[in-house]
Amino acid sequence: MTQRSRILNVVIGIVMFLVFWQVLAWIVNRPILPPPWVVLPMFVTSLRGELGLHLLASTARVLAAISLAVITAAPVGLGLGQVRALDRVFRPLIAIVYPIPKIVLLPVIYVLLGITDISKVFLIALILFFQILVVVRDEAANLHPELITSVRSLGAGRRALFSYVYLPASLPAILTALRVSVGTAIAVLFIAEQSLTRFGLGYYIVVRTYQVLRYPEMYTGILAMSLLGLLLYGVLELLQRRLNPHLYLEEGA
């Protein structure tokens, strides 16, 4: 798929979304679902005011969580992928902990870390941590032995293998795991920001607008959170295209 085709698909998707929204607003015909021509101008105006502050707070939290998850999970996953004996020790624990929905740990994290931004960032990072860990570990463990042997024959030690073989080979897996996890991260962010905070899109949508029946403003917050997820996904895809262009050669990119 060419760049022009991707842009065209995005434009068509936006138009279809707006048309569907408008038709649904006509059908419902209640204040709970205002039409896009009411919400969109308000969204643009609100970004320069209160909504923009909440968007910045949410963006800072999710970027901090992604950074924390990557710098902790990637080395651990690479280490487990390289050292099979270590992986055999921790694999049962990871298999048990990985499927647990980490959002249920929110009260525990609040008690241990306090009701602060740190606890919200930690929760999102915890969810991303295991998703990145498992993908990177499996990618590092499945590298072709011939590649590792050829690099070792040049005198490379474990540190050189980590820097020049395992890490570059696992980078696509890290970016793919992040792309898959963006939606989950935004959903958890929304839940974590609904209470016990004064800034964030979750707080804006639930407390500042929904609970006081400001429905058009509520949809501006929903749009902002949706765009945050879309932008993060787009940036990660762009990074993957720039760092691993060979993965998209078949698409004609």
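It should be emphasised that the depicted structure is a prediction, and the values quoted were computed from it without experimental measurement. Each chain has its residues counted from 1, running along the sequence as written. Confidence filtering applies because this is a predicted model: local features only for residues at pLDDT of at least 70, side-chain atom pairs given and counted only at 80 or more, and all residues used for totals across whole chains, interfaces and linings. Excluding hydrogens and water, the side-chain values take into account all heavy atoms of the structure.

### With respect to the packing of helix α3 (residues 50-82) against helix α10 (residues 215-243)
Right, so step 1: Running from N to C, α3 and α10 cross one another at 35°; their axes reach a closest spacing of 11 Å. Judged by the sense of rotation from one axis to the other, the crossing of α3 with α10 is right-handed. Only Thr220, Gly221, Ala224, Leu228 and Leu232 of α10 make contact with α3, whose side of the interface consists of Leu51, Leu55, Ser58, Thr59, Val62 and Leu63.
Right, so step 2: Tallied by class, residues from the contact of α3 with α10 come to seven nonpolar, four polar and no charged. Angles here are taken between N-to-C directions and fall from 0 to 180 degrees, while the axes themselves are lines fitted to C-alpha atoms, restricted in helices to the stretch in contact. Secondary structure counts use DSSP, requiring at least four H or I residues in a row for a helix and at least two E residues in a row for a strand, with both numbered from the N terminus. With the far helix as reference, a near helix turned anticlockwise by less than a right angle produces a left-handed crossing, and one turned clockwise produces a right-handed crossing. Throughout, a residue-residue contact means that at least one pair of heavy atoms, one from each residue, lies within 4.5 Å. Residues are grouped as follows: Ala, Val, Leu, Ile, Met, Phe, Trp, Tyr, Cys and Pro are nonpolar; Asp, Glu, Lys and Arg are charged; all remaining types, including Gly, are polar.

### Observations regarding a nonpolar patch on the surface
Right, so step 1: In this scheme, patches are assembled from residues that exceed 30% relative accessible area and form no salt bridge. Like charges are connected within 9 Å, while nonpolar side chains (Val, Leu, Ile, Met, Phe, Trp, Tyr) are connected within 5 Å. Only the protein chains shown count as cover for residues, and the accessible areas themselves come from Shrake-Rupley with a 1.4 Å probe. Note on definitions: salt bridges are taken to be side-chain nitrogens of Lys or Arg within 4 Å of carboxyl oxygens of Asp or Glu. Residues Leu68, Ile71, Ile96, Ile100, Val104, Leu105, Val108, Val111, Leu112, Leu113, Ile118 and Phe122 make up a contiguous nonpolar surface patch of about 1,200 Å² in total accessible area.
Right, so step 2: With four residues, helix α5 (residues 106-113) is the single largest residue contributor to the nonpolar patch.
Right, so step 3: The topology assignment puts Leu113 in helix α5.
Right, so step 4: Only protein chains enter the area calculation, which uses a 1.4 Å probe; residues under 20% of their type maximum are buried, those over 50% are exposed, and those in between are partly exposed. Leu113 sits in the partly exposed class, given a relative accessible area of 39%.

### A few points about the packing of aromatic side chains
Right, so step 1: Ring pairs shown here join Phe, Tyr and Trp side chains whose ring centres sit within 6.5 Å, with only the six-membered ring taken for Trp; geometry is labelled stacked below 30 degrees between planes, edge-to-face above 60, and tilted in between. Going through the model one piece at a time under the given rule, you end up with three aromatic pairs.
Right, so step 2: Centroid distance Phe17 to Trp21: 5.8 Å. Interplanar angle 55°. Geometry classified as tilted. Taken together, the residues span about one helical turn, with Phe17 and Trp21 both in helix α1 (residues 3-28) at a distance of four residues.
Right, so step 3: We classify Trp21 as buried; its relative accessible area is 7%.
Right, so step 4: Judged by centre distance (5.2 Å) and plane angle (85°), the rings of Phe129 and Phe130 are edge-to-face. This pair shows no difference in class: Phe129 is buried, exactly as Phe130 is.
Right, so step 5: Linked through ring pairs, Phe17, Trp21 and Tyr219 together constitute an aromatic cluster.

### A few points about helix α6 (residues 117-141)
Right, so step 1: Helix span is expected to be 1.5 Å times the residue number reduced by one. The terminal C-alpha atoms of α6 lie 35 Å apart, and with 25 residues this matches the ideal 36 Å at 1.5 Å per residue to within 8%.
Right, so step 2: Among the 25 residues in α6, 18 count as buried, and that is most of the element.

### Notes on the pattern of salt bridges
Right, so step 1: Applying the stated rule across the entire model yields six salt bridges.
Right, so step 2: The salt bridge partner of Asp87 is Arg137, with a shortest N-O separation of 3.8 Å. In this pair, Asp87 is assigned in helix α4 (residues 84-97) and Arg137 in helix α6, connecting sequence segments 50 residues apart. Of the two residues, Asp87 and Arg137, neither departs from the other in class, the shared state being buried.
Right, so step 3: Residues Arg137 and Asp138 are paired through a salt bridge, measuring 3.1 Å at the closest nitrogen-oxygen approach.
Right, so step 4: A relative accessible area of 31% places Asp138 in the partly exposed class.

### Side note on unusual backbone geometry
Trans peptide bonds make up most of the peptide bonds, and negative phi angles are found at most residues other than glycine.
Right, so step 1: Look at Asn29: it is not a glycine, yet its phi comes out positive at around 55°.
Right, so step 2: Relative to the helices and strands, Asn29 is located in the loop between α1 and α2 (36-46).
Right, so step 3: Positive phi, close to 60°, is recorded for Leu213, a residue that is not glycine.

### Some thoughts on the side chain of Thr197
Right, so step 1: By the element assignment, Thr197 lies in the loop between α8 (158-192) and α9 (201-209).
Right, so step 2: With a relative accessible area of 15%, Thr197 lands in the buried category.
Right, so step 3: Polar contacts here mean pairs of N or O atoms no more than 3.5 Å apart (in protein, one a potential hydrogen donor and the other a potential acceptor; neighbouring residues in sequence count only if both atoms are side-chain atoms). A polar atom in the side chain of Thr197 sits 3.2 Å from the side chain of Arg61.
Right, so step 4: There is a polar contact of 3.2 Å between the side chain of Thr197 and the backbone oxygen of Phe199.
Right, so step 5: Not counting residues up to four positions away in its chain, the partners in contact with Thr197 are Arg61, Lys120 and Tyr203.

### A short note on the layout of surface pockets
Regions of empty space are outlined by a rolling probe, equal in size to a water molecule, passed over the atoms.
Right, so step 1: In this model, the largest pocket occupies a volume close to 820 Å³.
Right, so step 2: Of the two site types, the cavity is a set of points on a 1 Å grid over the protein atoms alone where a 1.4 Å probe fits but cannot get out, and the pocket is an open set with protein on both sides within 12 Å along at least five of seven lines, each lined by residues with an atom within 4 Å of a point. Around the largest pocket, the lining comprises 22 residues; the ones closest to its centre are Val10, Ile14, Leu227, Leu230 and Leu231.
Right, so step 3: Sorting the residues of the lining of the largest pocket by element identifies α1, α2 and α10 as the ones contributing at least two each.
Right, so step 4: In terms of residues, the lining of the largest pocket owes the most to one element, α10, which gives 10 residues.
Right, so step 5: Classifying every residue of the lining of the largest pocket gives 14 nonpolar, five polar and three charged. Grid points are joined across faces, edges and corners, and a volume is the space filled by probe spheres set on the points.

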